[in-house]
Amino acid sequence: MPAIVKVQLSLEALAEAISSLDLKEKRQLQELIEQQIFEAEEALYEDDADTEAEIEAVRVEYRNGELITLNLLKRNALQ
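Since the model is a prediction, treat every value here as computed from it, not as a measurement. (Residues numbered from 1 in each chain as written. Predicted model: local features only at pLDDT ≥ 70, side-chain atom pairs only at ≥ 80, totals over all residues. Heavy atoms only, no water.)

A. Representation of the confidence of the model for the protein chain. Residue-level pLDDT values for the protein chain average 87, and 99% of them are 70 or greater. The lowest-confidence element of the protein chain is helix α4 (residues 70-78), averaging 81 in pLDDT; the highest-confidence one is helix α1 (residues 11-19), averaging 94. (pLDDT = per-residue confidence, 0-100. Helix = DSSP H or I, 4+ residues; strand = E, 2+ residues; numbered from the N terminus.)

B. Quick look at helix α2 (residues 23-47). If you check α2, its first and last C-alpha atoms are 36 Å apart, about what 25 residues at 1.5 Å a residue would give, namely 36 Å. The residue sitting at the N-terminus of α2 and contributing the capping side-chain oxygen is D22; that oxygen lies 3.1 Å from the backbone nitrogen of K24. (Expected span 1.5 Å × (residues − 1). Polar contact = N/O pair within 3.5 Å; in protein donor to acceptor, adjacent residues only side chain to side chain.)

C. Representation of helix α3 (residues 49-63) within the structure. Relative to the 21 Å expected for 15 residues at 1.5 Å per residue, α3 spans 21 Å between its end C-alpha atoms, a close match to the ideal helical length. Backbone geometry just after α3 places G65 at a positive phi near 70°.

D. Just the pattern of salt bridges, in detail. By the definition in use, this model includes one salt bridge. In this structure, R63 engages E56 in a salt bridge whose closest nitrogen and oxygen atoms are separated by 3.3 Å. By relative accessible area, which is 37% here, E56 ends up partly exposed. (Salt bridge = Lys/Arg side-chain N within 4 Å of Asp/Glu carboxyl O. Buried < 20%, exposed > 50% of the residue type's maximum accessible area, 1.4 Å probe, protein only.)

E. Examining a nonpolar patch on the surface more closely. On the surface, V5, V7, L9, L11 and L14 cluster together to form a nonpolar patch covering roughly 530 Å² of accessible area. In this fold, V7 is placed in the segment before α1. (Patch = residues over 30% accessible without salt bridge, like charges linked within 9 Å, V, L, I, M, F, W, Y side chains within 5 Å. Areas by Shrake-Rupley, 256 points an atom, 1.4 Å probe, with all protein chains shown as cover.)

Okay, here's the thing in structure tokens:
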């Protein structure tokens with residue numbers, strides 16, 4: 001298990017450190033950052049009352065048959 005080290009550095013210093021990475025390492029870092037952004041945004045959405053209300057409204061529409069699937073939409077467009 002790798003050791004965890006927390007450091008404080010300026011954004012400028014971080015940018016310099018990133019610049020020194022090779023392409024493979026930059027892509028690995030990009031994947032890590034994108035995953036953390038996704039998780040943070042997901043947490044915001046889960047806690048957001050408006051989003052919860054929208055999700056529930058869509059669920060009700062789906063239960064009532066008020067939504068159309070993409071497959072059905074495609075079939076109708078081809079006819």
